Amino acid sequence: MHLALPVVLAALLFSIGVYGVLARRNAVLVLMAIELMLNAVNINLVAFDVWLRDTLHAGQSLTLFVIALAAAEVGIGLAIVLQVYRLRATVAIDDLDQLAEPSPEERR
Amino acid sequence: MTTLGWLVLGLPFAAAVVGFLLPQTATRSAQVLTVSATGVATVLSIIVATGAPVAGKPGVTLAPFGTLTVHAGLRLDGLATIVAVAVCVVALLVQFYSIAYLAGDDAYPRYAAQVSLFTAAMLDVVLAADLIQLLVGWEVMGICSYLLIGHYRDLPEARPAAVKAFLVTRVGDVGFLLGVLVLGVGIGSFDIGTVIAHAGSMPSGTLVTACLLLLLGVAGKSAQFPLHTWLPDAMAGPTPISALIHAATMVAAGIYVVARLYPVFRLHTVALAVLGVVAAITMLLGALAALGQDDLKRVLAWSTVSQIAYMSGALAVGAPVAATFHLLTHAAFKALLFLAAGCVLNATGEVLMSSMGGLRRRLPITFWTMTCGLAALVGLPPTSGFFSKDAVLGGAWEAARGHGGGPAWVGWLVGVAGLLTVGLTAAYATRLWLRTFFGPAHEPAAAHETGHAHGPGHVHGPWVVREPCWIMTVPLIVLAVPTVLLGFAGLRSSWLPARLDAPGVAVHPTLGIALVSLALSAGGIAWVVLAWRRAPGTDPVPALPVLTRAFYLDDVQDAVIVRPYRLLARIVSAADAGLVDGAVEGSGAGAGMLSRRLSRLQTGNVQFYATGVLAAAVLLAVAAVLL
Amino acid sequence: MTAQDVVFGLLGVIALGSALLVVTTRNVVRAALWLVVTFGAVAGCYLVLTAELVAWVQVLIYIGAIVVLLLFGVMLTRAPIGPTDQVDSGNRRVAVLVGLATAAMLVTLVLQAFHSTYVTLDQPGTASLLGAAVFRSWVLPLEVLSVLLLTALVGAITLTRPTVGTAGSR
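Fair warning: this is a prediction, and the values are worked out from it, not measured in the lab.

Help me understand the overall build of chain C, please; the structure alone is not making it clear to me.
From N to C terminus, chain C includes six helices and zero strands. When the helices and strands of chain C are listed from N to C terminus, the series reads α-α-α-α-α-α. Contacts spanning at least 24 positions in sequence make up 65% of the contacts within chain C whose residues lie at least 6 apart. Put simply, chain C shows about 9600 Å² of open surface, and 71% of that area lies on carbon and sulfur atoms. Distance between charge centres in chain C, computed from 8 positive and 6 negative side chains, equals 20 Å.

What should I look at first to understand the interface of chain B and chain A in this one?
Reports of interface size often rely on the accessible area that becomes lost once the parts have come together. Each partner contributes to the interface: chain B provides ten residues, whereas chain A provides 15 residues. Summed over both sides, the interface between chain B and chain A buries roughly 940 Å², with carbon and sulfur atoms accounting for 58% of that surface. It is Gly-604, Gln-607 and Leu-614 of chain B in chain B that bury the most area against chain A; as a group they hold 47% of the surface buried on that side. The interface formed by chain B and chain A includes zero salt bridges. Counting across the interface, chain B meets chain A through three residue pairs in polar contact (both at pLDDT 80 or more). By residue number, the principal contributor to the side of chain B that touches chain A is helix α24 (residues 606–626) of chain B, which donates five residues.

Would you mind going over the side chain of His-57 of chain A with me for this structure?
Along the chain, the position of His-57 of chain A falls in the loop between α2 (27–52) and α3 (58–88). For His-57 of chain A, a relative accessible area of 12% translates into the label buried. Residue contacts for His-57 of chain A: discarding those within four places in its chain leaves Asp-49 of chain A together with Gln-123, Leu-129, Leu-130, Ala-133 and Trp-138 of chain C.

What is the right way to look at α2 of chain A in this model?
Each full turn of the α-helix corresponds to 3.6 residues, which orients residues three or four apart in the same direction. Here α2 of chain A contains 26 residues, and its C-alpha end-to-end distance of 38 Å stays within 8% of the 38 Å for a straight helix at 1.5 Å per residue. A distance of 3.0 Å separates the backbone nitrogen of Val-28 of chain A from a side-chain oxygen at the start of α2 of chain A, and that oxygen is part of Asn-26 of chain A.

Sorry, what's going on with the pairing of strand β2 (residues 68–72) of chain B here?
Moving residue by residue along a regular strand, the side chains alternate between the two faces of the sheet. The buried fraction of β2 of chain B is high, at four of five residues. Where strand β1 (residues 60–65) of chain B folds back onto β2 of chain B in an antiparallel hairpin, the turn is made up of two residues, including Gly-66 of chain B, whose phi is positive at roughly 75°.

Hey, could you run me through the packing of helix α6 (residues 158–187) of chain B against helix α8 (residues 204–221) of chain B in this one?
Between two packed helices, what matters for the description is the angle formed by their axes and the separation of those axes. Residues and elements named next belong to chain B. Close contact between α6 and α8 brings their axes to 7 Å; oriented N to C, the two are set at 150°. What the angle tells us is that α6 and α8 run roughly antiparallel. Along this stretch, α6 crosses α8, giving a crossing that reads as left-handed. Residue-level inspection shows Thr-169, Val-171, Gly-172, Asp-173, Gly-175, Phe-176, Leu-178, Gly-179, Val-180, Val-182 and Leu-183 of α6 in contact with α8, the latter providing Thr-206, Leu-207, Ala-210, Leu-213, Leu-214, Leu-216, Gly-217, Gly-220 and Lys-221.

Help me out: how do you make sense of the interface of chain C and chain A in this one?
Contact residues are listed per partner, giving 85 residues for chain C and 68 residues for chain A. Roughly 6800 Å² of surface becomes buried between chain C and chain A when both sides are summed, with 76% attributable to carbon and sulfur atoms. Inspection of the chain C/chain A interface yields two salt bridges. Between Arg-53 of chain A and Asp-122 of chain C there is a salt bridge; the shortest N-O distance is 3.6 Å. The tally of links between chain C and chain A comes to 22 residue pairs in polar contact (both at pLDDT 80 or more). Elements supplying a minimum of two residues to the side of chain C that touches chain A: α1 (3–24), α2 (28–48), α3 (52–76), α4 (92–114), α5 (127–137) and α6 (139–159) of chain C. Here the side of chain C that touches chain A is built from residues that sort into 55 nonpolar, 24 polar and six charged.

Quick question: what am I supposed to make of the domain arrangement of chain C here?
Per the domain assignment, the segments making up chain C are domain 1 (1–83) and domain 2 (126–161). Distance between the C-alpha centres of domain 1 of chain C and domain 2 of chain C: 23 Å.

In this structure, what is going on with the state of the cysteines? I would like to understand it.
Here, the word disulfide means a covalent bond between the sulfur atoms of two cysteines. This model, assessed by the stated rule, comprises zero disulfides over all chains. Residue Cys-372 of chain B stays outside any disulfide, its sulfur separated by 14 Å from that of Cys-343 of chain B, the closest cysteine.

Hey, could you run me through the environment of Val-66 of chain A in this one?
Residues and elements named next belong to chain A. Mapping Val-66 onto the fold places it in helix α3. Along the chain, Val-66 and Ala-4 lie 62 residues apart, while their C-alpha atoms are 22 Å from each other. Residue contacts for Val-66: discarding those within four places in its chain leaves Leu-38, Asn-42 and Leu-45.

What's the story with the packing of aromatic side chains in this structure? I'm lost.
The description of an aromatic ring pair rests on the distance of the ring centres and on the angle between the ring planes. Applying the stated criterion across every chain yields a total of 19 aromatic pairs over all chains. Here a set of aromatic residues connected by ring pairs shows up, and it is made of Phe-367, Trp-368, Trp-433, Phe-437 and Phe-438 of chain B.

How should α2 of chain C be read in this particular structure?
With 21 residues, α2 of chain C should cover 30 Å at 1.5 Å per step; its first-to-last C-alpha distance of 31 Å lies within 8% of that length. Residue Asn-27 of chain C occupies the N-cap position of α2 of chain C, its side-chain oxygen lying 3.2 Å from the main-chain nitrogen of Val-29 of chain C.

Help me out: how do you make sense of the pattern of salt bridges in this one?
In the structure shown here, the tally under the stated rule is 16 salt bridges over all chains. When the shortest N-O distance is used, the salt bridge between Asp-94 of chain A and Arg-25 of chain A registers 3.1 Å. Of this pair, Asp-94 of chain A sits in the loop between α3 and α4 (104–107) while Arg-25 of chain A sits in the loop between α1 (4–23) and α2; the two residues are 69 residues apart in sequence, bridging distant segments of the chain. Shared partners join several salt bridges into a network, and the residues in it are Glu-139, Arg-170, Asp-173 and Lys-221 of chain B.

Can you walk me through the packing of helix α3 (residues 78–101) of chain B against helix α19 (residues 470–485) of chain B in this structure?
Residues and elements named next belong to chain B. α19 packs onto α3 with a crossing angle of 155° between their chain directions and a minimal axis gap of 7 Å. For the element pair α3 / α19, the angle class is roughly antiparallel. The two elements α3 and α19 meet at a crossing, and its hand is left-handed. Two secondary-structure elements touch here, α3 through Leu-93, Phe-96, Tyr-97, Ile-99, Ala-100 and Tyr-101 and α19 through Trp-470, Ile-471, Met-472, Pro-475, Val-478 and Leu-479. By residue class, the composition of the contact of α3 with α19 is twelve nonpolar, no polar and no charged.

Parameters and conventions
For every chain, the first residue of the written sequence is number 1, and numbering continues from 1 along that sequence. As they are written, the chains are lettered A onward and the ligands numbered 1 onward, keeping that order. For this predicted model, a pLDDT threshold of at least 70 governs which residues receive local features, and a threshold of 80 or more governs which side-chain atom pairs are given and counted, while totals over whole chains, interfaces and linings are taken from all residues. Neither water nor hydrogens contribute to the side-chain values; these are computed over all heavy atoms in the structure. Strands are runs of DSSP state E lasting at least two residues, helices are runs of H or I lasting at least four, and both sets are numbered from the N terminus onward. Contact between two residues is taken to exist if any of their heavy atoms lie within 4.5 Å; hydrogens are not considered. A 1.4 Å probe and the Shrake-Rupley method give the accessible areas. Residues count as covered only by the protein chains that appear here. Only four residue types enter the tally: Lys and Arg on the positive side, Asp and Glu on the negative side, with His and both chain ends excluded. Positions of charges follow a simple convention, taking NZ of Lys, CZ of Arg, CG of Asp or CD of Glu. We define buried area as the total accessible area lost by two parts upon association, computed with a 1.4 Å probe and summed across both. The term salt bridge refers to a pairing of a side-chain nitrogen on Lys or Arg with a carboxyl oxygen on Asp or Glu at a separation within 4 Å. We call two N or O atoms a polar contact when they sit within 3.5 Å, provided that within protein one can donate a hydrogen and the other can accept it, with sequence-adjacent residues counted only if both atoms are side-chain atoms. Here's how the labels work: a residue is buried when its accessible area is under 20% of the maximum for its type, exposed when over 50%, partly exposed in between, all with a 1.4 Å probe on protein chains only. One fewer than the residue count of a helix, multiplied by 1.5 Å, yields its expected span. Note on pairing: two strands pair once DSSP finds at least 2 bridges between them. Between the N-to-C directions of two axes lies an angle of 0 to 180 degrees, each axis being a line fitted to C-alpha atoms and, for a helix, fitted only over the stretch in contact. Relative orientations are named as follows: roughly parallel for angles under 35 degrees, roughly antiparallel for angles over 145 degrees, roughly perpendicular for angles from 65 to 115 degrees, and oblique for any other angle. By convention the crossing between two helices is left-handed if the near helix lies anticlockwise of the far one by an angle smaller than a right angle, and right-handed if it lies clockwise. Nonpolar residues are Ala, Val, Leu, Ile, Met, Phe, Trp, Tyr, Cys and Pro. Charged residues are Asp, Glu, Lys and Arg, and all others, Gly as well, are polar. Residue ranges for the domains trace back to a domain assignment, done automatically or taken from a database. Criterion for a disulfide: a pair of cysteine sulfur atoms at a distance within 2.5 Å. Working definition: a ring pair exists when centres of Phe, Tyr or Trp rings (six-membered ring for Trp) sit within 6.5 Å. Plane angles under 30 degrees give stacked, over 60 give edge-to-face, the rest tilted.

Below, the structure is given as structure tokens:
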């Protein structure tokens, strides 16, 4: 099998995930895009493991770990999103800018 | 001998240092200190003058500048020691006189210390063996002159006069400094003996430039045209200062330097020709201006300008002995005239001659001594002025006939100008004599307090015009002696001329010149006396504004130099505030503005930050691959 | 062009297509559902690459747990059900640029590196094989991972607790 196929798939999937992170307004949608990026990484890991065939099976083992980590990360991420929703009644990224540098009027 | 020489220099300097440290109430200590220091210095200078001349090998090395070294040493030849004696004597008499003149002044110790410092500086100029050492004394004299002219803090014209004196002489001093440097660097040494010996080895262009630059300094310090404008205004200072600095010593320093370096000036006649032209102009200018003044001290100031021009004229025509002789006699009679004027001011409380008159009965000692001084100024025999002025005119005549050092036309110019000035000098001296001492007496304005400005030694109460105390009249008598008798010292070539390193040149009058100049003097005197007879008590000379304002040269100087400089100063200060300060403040403002612009990057939006990070990462990756 | 290449290519196309729909659809719930399709296609890709255990774990955890979690999140934050216009932020144009740039860079890099590399799919990544590897060589990271999961659990509970410390809220 041509190795370029899975690796290119991973690259494109990653880029789509990048677009999603930067373009989506809802925080949950951003989390979804992050999952896409993680999947791309996984495909890469598996493809290289199949290519290199090392004794430790590092690629596929690490893929399992990444999947578990992704699950933990989504859990925490959603917990944060829920807390933000409770406090601000919105999860739109555009509206969450309290850490901005205050403008001169606001400074006074 | 060298040790005594150093003491002559060092004692007034030490007295100055101690005097500056004294509290302002210690008047008596200051008087004792300065008079005694100057007195001892006078005695020592006489001893040094009568001793053998010391050629002045380079003394202590002060500052090695690579190939050039600055030494500090003493050159005790005849010229230096005689002039040093004159300086010390006049300084001593002035210090003594000041005890009474400035009695009641609340800054006496400072004044006495400054006078002492000035004396030390003048002695340094006279006795120096090294040009840089001379320059140090030259500059210190300038500072002391500034401080002393501005002594009367409450007098409104004192401070501007001091600044004017300082600035005008400063213009000359720049030239003087450059001249000294050109000479020293060109010859490779600043030692005066070496400079004189090796001046011939310098290229003529450089040498002439150096001489002309030195003459600029001479013109400034000795108040010759065009840098003469400061001297009449400097009369705002106390009268003893006018006697010391602006008659006898500092203004003669320029003449002394030219006499000192005379072999250098002699090598190319261009500089001396320029000096001759300047001298001729200044002679006439000073005499004419003196005719138009009402202020007693101003007449004497313009007279000084004119008489110094005689000395520089003598130098220009190749008669340095005559110049030095006239320097000595002028020191005596001009100091006498100023101190006598101080007595008159003190006695009457008036400065303007139009407020004086008929003082000869009330101030007998002043009258008789001032008469001797004026006679010497005019050049009447047998006073010393007759001999020295005749020597100057004789030197000019010799040069005009081709026997002198320089071109003949210089001799003609100086000679003709000198003779005309003789007549004018006689006129203004007579005018001064008549207006002050003869005619109806004007009541001194006891109603208005002229206060301290002109003679604080008076007694409070109804104003009585009477002779000042003995402290002020004894110096007059002392100075009257050389005024009358000094001329005879030149008759034998083994007396004064030998002392001035010119053995074999006797200074005796030439018959022809003497007759012509006496005739001109008589003419001037007669004119004024006749005018006085017609209208006693008023000004015999019509008061022409062009004379009173001294040909408006002050106004010319103001328009041509002072105003443009003030404008330039305003521009520079505006540029400093706008550009330099503006740049500094602008950088602060710029930093603030930049930070405000940059702080807009902190939008608080997570996606914005993430975009930045990812875009930069992509760019870096591409750059890493491409580069 | 072997059969595996073809199958892999088709599955890849499905994955990419549904991923695009995830990031562009205007319906939040539909995005989650398209995400399911993407995960499924990726699982298929793993199978083609003979990584069997990974494929099943992908289905189990990604589709089974993570998507469910995301749907819960959608529900609890009252995201609008049905199509809505408010789904893209103002960053969209720059995001397109960055995405395209990333894609271009990565694809170029990858194609230049691996345009002539071929792999042989002979040894399947079975559960026994991978399990042996994990529990022998990777046992420490495995234990750490389990602690991490515990931490995540505790953290999520702590974060979503009601306000702390005031009376009567315990």
